[in-house]
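Chains, contacts and geometry: an overview
Below are the chains, spelled out letter by letter.
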Amino acid sequence: VVPLRLTIFILSRMFGFHRQSPRIEQYKLILLDFSRVVIVFSAAAVVSMIPTSYLYHAIRGQSHIKSYAVFNLVEIVNLLLTSQGLDFVDHLICKINQRWSQPRNLAVDIFSTFVYTIIHSILLYIHLIAYNAALNTDNSSLMVLLL
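The structure contained in this document is the topic of the report that follows. Keep in mind that what you see is a predicted model, and the values were worked out from it rather than measured.

Tallying secondary structure elements over the protein chain gives 6 helices and 0 strands in all. For the protein chain, the succession of helices and strands along the chain, N to C, is α-α-α-α-α-α. For the protein chain, the proportion of its 147 residues judged to be buried stands at 28%. Residue pairs at least 24 apart in sequence account for 77% of intrachain contacts in the protein chain once pairs closer than 6 positions are excluded. If you sum the accessible surface of the protein chain, you get close to 10,200 Å²; carbon and sulfur atoms cover 68% of it.

What follows is the structure, encoded as structure tokens:
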């Protein structure tokens, strides 16, 4: 919905399909949508540069105890980052909705949310690769660790 709403707004501004001047609330909504789209696509571009095969073989080469520790560590850090991410996004929404927000402060908030998104995406990527390594192992004891 967010990319579609942003595209409609940009096309209506480019080709003059708007009937009336948008209110300040609509500009705030568009700014929030634009910041979300930029954050998600640029974080996806950064995460796509991670060498998957290197991570897969590094995780698969670990012993079962280390793999168990990796699974537990990733789960705990995922929960911590999720709660921190909600705070980042809420703070970004509040900054955009403020009336006298300065662009420099808004840029810092967008950048901090972008850094958080990259870190959390990399963690989830490692989690996915660890599950894949556990599923492709010959030993069934690692599968028991997953359950």
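Next up on the list: the packing of helix H3 (residues 52-60) against helix H5 (residues 103-135). Axis separation between H3 and H5 bottoms out at 9 Å; the angle between their running directions is 55°. As judged from the angle between their axes, H3 and H5 are oblique. H5 is crossed by H3, and the crossing has right-handed handedness. Seen from H3, the contacting residues are Thr-52, Leu-55, Tyr-56, Ile-59 and Arg-60; seen from H5, they are Tyr-125, Ile-126, Ile-129, Ala-130, Asn-132 and Ala-133. In the contact of H3 with H5, the residues fall into 8 nonpolar, 2 polar and 1 charged.

A separate point is the nonpolar core. Ranked by size, the top nonpolar core spans 10 residues in total: Val-47, Ile-50, Leu-55, Tyr-56, Ile-59, Phe-71, Ile-129, Ala-130, Ala-133 and Ala-134. For this core, the secondary-structure elements that each account for two or more residues are H3 and H5. Residue contributions to this core peak at 4 residues, all from H5. Setting aside its immediate chain neighbours within four residues, Ile-50 contacts Leu-55, Ile-122 and Tyr-125. Judged by nonpolar contacts, the second largest core, of 8 residues, contains Ala-43, Leu-106, Phe-114 and Ile-118.

Looking now at the packing of aromatic side chains. Under the definition given, this model contains 3 aromatic pairs. Ring centres of Phe-111 and Phe-114 lie 6.3 Å apart, and the angle between their planes is 45°; on these two criteria the pair is classed as tilted. On the criterion of helical spacing, the pair formed by Phe-111 and Phe-114 is a turn pair, its members being 3 residues apart in helix H5. Classification of Phe-114 as buried rests on a relative accessible area of 18%.

If you trace the backbone, Ile-110 turns up in helix H5. The exposure class of Ile-110 is partly exposed, given its relative accessible area of 22%. Contacts of Ile-110, omitting those with residues within four sequence positions, involve Ser-35, Ile-39 and Leu-92.

Considering the arrangement of structural elements, one finds Asp-87 in helix H4 (residues 64-97). Between the alpha carbons of Asp-87 and Thr-113 there is a distance of 9.5 Å; along the sequence they are 26 residues apart.

The periodicity of an α-helix, 3.6 residues per turn, causes residues three or four places apart in sequence to face the same way. For H3, the complete set of buried residues consists of Leu-55, Tyr-56 and Ile-59. Projected onto a plane normal to the axis of H3, the buried residues spread over an arc of 100° and lie on a single side. For H3, the exposed residues lying more than 90 degrees away from the buried face are Tyr-54 and His-57.

Cut-offs applied
Every residue gets a number counted from 1 within its own chain, in the order that chain's sequence is written. Restriction of local features to residues with pLDDT of at least 70 applies here, the model being predicted, together with a cutoff of 80 or more for giving and counting side-chain atom pairs; totals for whole chains, interfaces and linings are based on all residues. With hydrogens and water set aside, each side-chain value is computed from the structure's full complement of heavy atoms. Secondary structure elements follow DSSP: runs of H or I no shorter than four residues count as helices, runs of E no shorter than two count as strands, and numbering proceeds from the N terminus. Per-residue accessibility, obtained with a 1.4 Å probe over protein chains only, is compared with the maximum for each type, and a residue is labelled buried under 20%, exposed over 50%, and partly exposed between these values. Contact definition: two residues touch when any of their heavy atoms are within 4.5 Å. For the area figures, the Shrake-Rupley method with a 1.4 Å probe applies, and any residue is considered shielded solely by the protein chains shown. Note on geometry: axes are lines fitted to C-alpha atoms, helical ones only across the stretch in contact, with angles between N-to-C directions running from 0 to 180 degrees. Our angle categories are set so that under 35 degrees counts as roughly parallel, over 145 as roughly antiparallel, 65 to 115 as roughly perpendicular, and the remainder as oblique. Each crossing gets its handedness from the near helix: less than a right angle anticlockwise from the far helix is left-handed, clockwise is right-handed. The residue classification treats Ala, Val, Leu, Ile, Met, Phe, Trp, Tyr, Cys and Pro as nonpolar and Asp, Glu, Lys and Arg as charged. All others, Gly included, are polar. The set of buried Ala, Val, Leu, Ile, Met, Phe, Trp, Tyr and Cys residues whose side-chain atoms join them within 4.5 Å is what this entry labels a nonpolar core. Two rings belonging to Phe, Tyr or Trp (six-membered ring only in the last case) form a pair when the distance between their centres is within 6.5 Å. Interplanar angles under 30 degrees mark stacking, angles over 60 mark edge-to-face geometry, and anything in between is tilted. Picture the helix axis, draw a direction to every C-beta atom, and the arc is the one those directions span.

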